[in-house]
Amino acid sequence: MFGYSMEDVGNIVVMQGFSGLSLFSVLLLMALGLAIIFGQMGVINMAHGEFMTVGAYTTVFLSKMAVEFDIVNSYFIFAIIAAFILAFFIGYFVEYALIRHLYKRPLDTLLATWGLSLVMQQIFRSTFGAKEVSAELPEWLLGSFKPTPDIDIPINGVFVMGLALIVTVGVYLFMFRSRGGLRIRATVQNRMMAGAVGINTQKVDRLTFALGCGIAGVAGAAFTTIASTGPTTGSLYIVDSFMVVVFGGAASLMGTIASAFGIAQAQSILQFFMTSSMGKVSTLMTIVIILMMRPEGLFASKVRK
Amino acid sequence: MSNIDKNQFVKKSMVLSALSLALSLPIYVDTSVAGDFPTAKVNTTGLSVTDDVVKVGILHSATGTMAISETGSIQAEKLAIAQINEAGGVLGRKIEVIQEDGASDWPTFAEKSKKLLENDKVAAVFGCWTSASRKAALPVFEKDNGLLFYPTFYEGLEQSKNVFYTGQEATQQILAGLDWIAKEKKAKTFYLIGSDYIWPRTSMKIARKHIEQHLGGTVVGEEYVALGDTQFGSVINKIKLEKPDVIYAAVVGGSNVAWFKQLNAAGLNAKKQNMLTISVTEDEVLGIGGENLEGFYSAMKYFQSLKNSNNDKFVAEFKKAYGEKAVIGDVTQAAYLGPWLWKAAVERAGSFDVDKAVAALPGYELTTAPEGYVKVDPNHHLLSKLRIGQWRKDGQADMVYESGLINPDPFPKGYQ
């Protein structure tokens, strides 16, 4: 087939399939936190990427400590947890200090969080320096897994995939199977009624925002396995995150998953058959056309307006 | 950081003034130099030159995305200027630096150039890094007849009376490197990959022509990825399918790190795959991580590990000023040449006037450059050598090849 042996083509199909799934999990991790904040609260959080960067720098920082104490092989799991906690509390504070004053002015949150993202970028630059840094990765995250001699499955890809699965299931269980999730959904559906039955809606808002930020922190920690960390790393991810959330339909978790899957597969396959930039252009064009026909995204929200 | 180095320079200059008290004669001779060149004579165009001080500008991005790359250049230029001042300055005048921030925003580079040239009347500017920032500032330099020393290796196709290019232009960096890898690795098939903007695209155009017309090889793939893109899965699979003898890469910025990490994770390391890159210097290795680069090759005119007495001294002074962990990449070294070349130009001309300095510089041979001998060509670029370094795990390179001096050729015939 086209001068390549059948075996070659078979191997590539396997690896290409994996690369699509790997991109899917990256997009999903990026978008989940935003889906919670934007989808559930209607807050356009332009600083989402910077919360990922918080997670990434946490990981890098802990990896430096780990090298000193010679625990490189085990620190990574703790780094992810620490990234979640730190981003969660920063998010909690940001909601308290900034976001809650702007709930009635959704467009102003856009400007305020964008300003926040610039402030955070400059803080990163002053604290960690302008140069990009990489986390020291444990041995077990490096290299590839070989089911046959000619197929390489990158282990970091598998790791990100596993993490995306855990976080997604965790978010699903929290939103639909716990009292906390019930309160969030109640507040989203009808704030007045939720308040009337005794839900502290302000507290719910704060926790929702912090949860979204915490998940962004986890995503940032995971991405240190595939890319480097710099003060402006977050701005690389913000466009993709919004694309996934808006395309999926803002208020729907299923929509986010479906849209991340669709975009990842389209992009990965198109990039294989066209050049990399043309693949990306075609994907974006398709999204634009679909959004023109379905402005509410793939999965329409079921909230009463 | 700037505080530390300032302190060190203060200390140095205190030591120096103590010395000058003890041995007042040589310093006295030094300062008398200014007397031999009265200001009215050496400055006929209204530049900011007094009997004791001459002002120059440094214009790089200290903030924004490009700060990562440009910080090294700022440090090198300041180091060179401090050393020149210690040695008595230029025509007996101390150099005073006015530093402006281009903020990684190309129109800002034009505005700040205008400010430096029209308000501050600086005698020379050391600055710009990306081609885009240089292209933005160039009209200002040409209109106000300023003088710019530009440090980055770049795509060529430019030659301005008002600019000296201290980095390599594309053919200097590309041709000898491709010749070497084609011979050394008996490479016939090449896969070209770069970031999607002017420098990689122009470079790859030259590389493709050279591979097809002069090396008798074939290009089995040519790929450009968006700046900042971090997903290389599909591209790597394409490379695996094509199995090229050599990957020729010019990926920059954050993408660069993702590219090498994912390549390694996909099992394409130096044991299985040859790669020659023209976009990785010691600065980039910090972010990419030596373990992801180990065994791959870079084509540059300078590596920090270069062994010669000029470079030993330069590396030691640089580390003294900016810390033991500081690394020096190709562009940082080229930026360091700028102030020295300007000093030579002014002294050969016996004048700070831009026209006279520009006319005096071509033909000058700088023997104290860390990269070794360089010579200024009439086309305002430098004659320099090309080196191939093979990366080690610790982030330094082993030199595996050194070319002879290569003439700069910014408008290569047959490659456009």
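Just so you know, these numbers come straight off a predicted model, no measurement behind them.

Visitor: Which parts of the structure should I look at to understand the pairing of strand S14 (residues 387–391) of chain B?
Guide: One face of the sheet, then the other: side chains in a regular strand alternate in exactly this way. Residues and elements named next belong to chain B. Of all five residues in S14, four are buried; the element is thus mostly enclosed. Sheet analysis places strand S10 (residues 297–300) next to S14, joined by four bridges and oriented antiparallel. Along S14, the bridge assignment pairs Met 300 with Arg 387. Bridging between S14 and strand S15 (residues 397–402) involves five bridges; their strand directions are antiparallel. Looking at the pairing, Gly 389 lines up with Met 399 of S15. From the end of S14 to the start of S15, which pair antiparallel, there are five residues, and Gly 395 there has a positive phi angle of about 90 degrees.

Visitor: So what exactly am I meant to see when it comes to the packing of helix H2 (residues 48–69) of chain A against helix H9 (residues 233–248) of chain A here?
Guide: Each pair of packed helices can be summarised by the angle the axes make with each other and by the distance between the axes. All names here are of chain A. One way to put it is that H2 packs onto H9 with a least axis distance of 7 Å and a crossing angle of 130 degrees. Judged by the angle between their axes, H2 and H9 are oblique. For the element pair H2 and H9, the recorded crossing hand is right-handed. From H2, His 48, Gly 49, Glu 50, Met 52 and Thr 53 reach across to H9, where they touch Thr 233, Gly 234, Ser 235, Tyr 237, Ile 238 and Ser 241. Per-class residue counts for the contact of H2 with H9 are three nonpolar, seven polar and one charged.

Visitor: Sorry if this is basic, but what is going on with the side chain of B:His60 here?
Guide: Its place among the elements puts B:His60 in strand S1 (residues 53–60). Separated by 3.0 Å, the side chains of B:His60 and B:Glu77 make a polar contact.

Visitor: Help me understand unusual backbone geometry in this model?
Guide: Glycine aside, a negative phi is what most residues show, and trans is what most peptide bonds show. Residue and element names in this part refer to chain B. You will see that Asn 145, though not glycine, has its phi angle at about 50 degrees, which is positive. Within the secondary structure, Asn 145 is located in the loop between helix H6 (131–143) and strand S4 (148–150). Looking at Asn 145, the relative accessible area reads 25%, which means it is partly exposed. Of note, the phi angle at Leu 157 is positive, near 60 degrees, even though the residue is not glycine. Within the fold, Leu 157 resides in the loop between S4 and strand S5 (163–165). Using a relative accessible area of 34% as the deciding quantity, one classes Leu 157 as partly exposed.

Visitor: In this structure, what is going on with the interface of chain B and chain A? I would like to understand it.
Guide: Size of an interface, as often reported, equals the accessible area lost when the parts are brought together. Between chain B and chain A, the residue contacts involve 37 residues of the former and 37 residues of the latter. Among the residues of chain B in contact with chain A, B:Ile68, B:Gln231 and B:Leu241 are the three that bury the most area, contributing 20% of the side total. Linking chain B with chain A are three salt bridges, by the criterion used here. Put simply, B:Asp229 and A:Lys280 hold a salt bridge, and the shortest N to O gap is 3.7 Å. Where the side of chain B that touches chain A is concerned, the elements lending two or more residues are helix H4 (67–86), strand S7 (218–225), helix H9 (233–242), helix H10 (253–265) and helix H11 (282–288) of chain B. The element contributing the most residues to the side of chain B that touches chain A is H9(B), with eight residues.

Visitor: It is not clear to me how the sheet that holds S7(B) should be interpreted in this structure. Could you clarify?
Guide: Sheet strands pair by backbone hydrogen bonding; their relative direction is either parallel or antiparallel. Residue and element names in this part refer to chain B. One open sheet accounts for seven strands, arranged S7-S6-S8-S9-S10-S14-S15; its pairing is mixed. Edge positions in the open sheet fall to S7 and S15, since each of these has one partner strand only. Taken over all neighbouring pairs, the strand axes of this sheet differ in orientation by 25 degrees on average, direction set aside. Sheet contacts for H10: strand S6 (189–195), strand S8 (246–250) and strand S9 (274–277); angle to S9, the most-contacted strand, approximately 175 degrees.

Visitor: I would appreciate a short explanation of a nonpolar patch on the surface in the present structure.
Guide: All names here are of chain A. On the surface, Ile 269, Phe 273, Met 274, Met 278, Val 281, Met 285, Val 288, Ile 289, Met 292 and Met 293 cluster together to form a nonpolar patch covering roughly 1000 Å² of accessible area. Here the nonpolar patch takes seven residues from helix H11 (residues 276–293), the largest share from any one element. Inspection of the secondary structure puts Met 292 in helix H11. Residue class for Met 292 comes out exposed when judged on its relative accessible area of 65%.

Visitor: How should the environment of B:Arg392 be read in this particular structure?
Guide: Residue and element names in this part refer to chain B. Position of Arg 392 among the secondary structure elements: in the loop between S14 and S15. Residues Arg 392 and Asn 292 lie 100 residues apart in sequence; the distance between their C-alpha atoms is 9.7 Å. Ignoring any residue separated from it by four or fewer positions in sequence, one finds Arg 392 in contact with Gly 290, Glu 294, Ala 397 and Asp 398. Side chain to side chain, Arg 392 and Asp 398 meet in a polar contact 2.6 Å long.

Visitor: I'm lost on the packing of aromatic side chains in this one. Help?
Guide: One pair of aromatic rings is described through two measures. These are the centre distance and the angle between the planes. All names here are of chain B. Evaluation of the coordinates by the stated rule reveals 33 aromatic pairs over all chains. Relative to Tyr 154, the ring of Tyr 150 lies with its centre 5.8 Å away and its plane at 85 degrees, an arrangement referred to as edge-to-face. Here Tyr 150 and Tyr 154 have matching classes, each one buried. Between Phe 260 and Phe 296, the ring centres sit 6.0 Å apart and the planes meet at 45 degrees, which makes this aromatic pair tilted.

Visitor: How should the pattern of salt bridges be read in this particular structure?
Guide: Once the charged atoms of two side chains with opposite charge are near each other, the side chains can pair. All names here are of chain B. For the structure on display, the rule yields 28 salt bridges over all chains. Across the pair Lys 115 and Asp 120 runs a salt bridge, and its minimum N-O distance is 2.9 Å. Using a relative accessible area of 28% as the deciding quantity, one classes Lys 115 as partly exposed. Residue classification places Asp 120 among the buried residues on the basis of a relative accessible area of 17%. The salt bridge partner of Lys 143 is Glu 118, with a shortest N-O separation of 3.4 Å. Of the two residues, Lys 143 is situated in helix H6 and Glu 118 in helix H5 (residues 106–119); the sequence distance between them amounts to 25 residues. Given a relative accessible area of 29%, Glu 118 falls into the partly exposed group. Linked by salt bridges that have partners in common, Glu 100, Lys 112, Lys 115 and Asp 120 make up one network.

Visitor: Any chance you could explain the sheet that holds S5(B) here in plain terms?
Guide: Residues and elements named next belong to chain B. Pairing within the open sheet is parallel, and its five strands lie in the order S2-S1-S3-S4-S5. Each end of this open sheet is capped by a strand with a single partner; those strands are strand S2 (94–101) and S5. The mean inter-strand angle of the sheet, taken between neighbouring strand axes irrespective of direction, is 25 degrees. Summarising the sheet, strand S3 (residues 125–127) and S4 pair through two bridges and their orientation is parallel. Note on S4: the bridge partner recorded for Phe 126 is Phe 149. Running at roughly 150 degrees to S2, H5 makes contact with S1, S2 and S3 of the sheet.

Visitor: Would you take a moment to explain the confidence of the model for chain B for this structure?
Guide: Caution applies to low-pLDDT parts of the model: their predicted coordinates are not meant to be read in detail. Residues and elements named next belong to chain B. Put simply, chain B has an average pLDDT of 88, and 92% of its residues get 70 or more. No element of chain B has a lower mean pLDDT than helix H1 (residues 2–22), at 49, and none a higher one than S4, at 97. Ignoring residues within four places in sequence, the model shows residues 1–6, a span with pLDDT below 50, making four contacts including any to other chains. Note on residues 18–32: pLDDT is under 50 here. Beyond four places in sequence and across chains, it has four contacts. Model confidence for the complex is summarised by a pTM of 0.83, with the ipTM given as 0.80.

Visitor: Explanation requested: the nonpolar core in the structure shown.
Guide: Note on soluble globular proteins: their nonpolar side chains tend to be buried together. Formed by 136 residues in total, the largest nonpolar core has its most connected members in A:Leu29, A:Phe223, B:Ile174, B:Phe190, B:Tyr248 and B:Trp259. For this core, the element with the most residues is helix H1 (residues 6–41) of chain A, which contributes 15 residues. Both of domain 2 (53–165 + 307–383) and domain 3 (171–300 + 388–402) of chain B provide at least three residues apiece to this core. Other than its neighbours up to four places away in sequence, B:Tyr248 contacts B:Gln173, B:Ile174, B:Leu178, B:Tyr191, B:Leu192, B:Ile193, B:Met204, B:Ala207, B:Leu276 and B:Ile278. Judged by nonpolar contacts, the second largest core, of 35 residues, contains B:Val42, B:Val54, B:Ile84 and B:Val90.

Analysis parameters
Residues numbered from 1 in each chain as written. Chains lettered and ligands numbered in written order. Predicted model: local features only at pLDDT ≥ 70, side-chain atom pairs only at ≥ 80, totals over all residues. Heavy atoms only, no water. Buried < 20%, exposed > 50% of the residue type's maximum accessible area, 1.4 Å probe, protein only. Helix = DSSP H or I, 4+ residues; strand = E, 2+ residues; numbered from the N terminus. Pairing = 2+ DSSP bridges. Axes fitted to C-alpha atoms, helices over the stretch in contact; angles between N-to-C directions. Parallel < 35°, antiparallel > 145°, perpendicular 65-115°, else oblique. Left-handed = near helix turned anticlockwise from the far one by under 90°. Contact = heavy atoms within 4.5 Å. Nonpolar A, V, L, I, M, F, W, Y, C, P; charged D, E, K, R; others polar. Polar contact = N/O pair within 3.5 Å; in protein donor to acceptor, adjacent residues only side chain to side chain. Buried area = accessible area lost by both parts, 1.4 Å probe. Salt bridge = Lys/Arg side-chain N within 4 Å of Asp/Glu carboxyl O. Patch = residues over 30% accessible without salt bridge, like charges linked within 9 Å, V, L, I, M, F, W, Y side chains within 5 Å. Areas by Shrake-Rupley, 256 points an atom, 1.4 Å probe, with all protein chains shown as cover. Phe/Tyr/Trp six-rings, centres within 6.5 Å; stacked < 30°, edge-to-face > 60°. pLDDT = per-residue confidence, 0-100. Core = buried A, V, L, I, M, F, W, Y, C linked by side-chain atoms within 4.5 Å. Domains from an automatic or database assignment.

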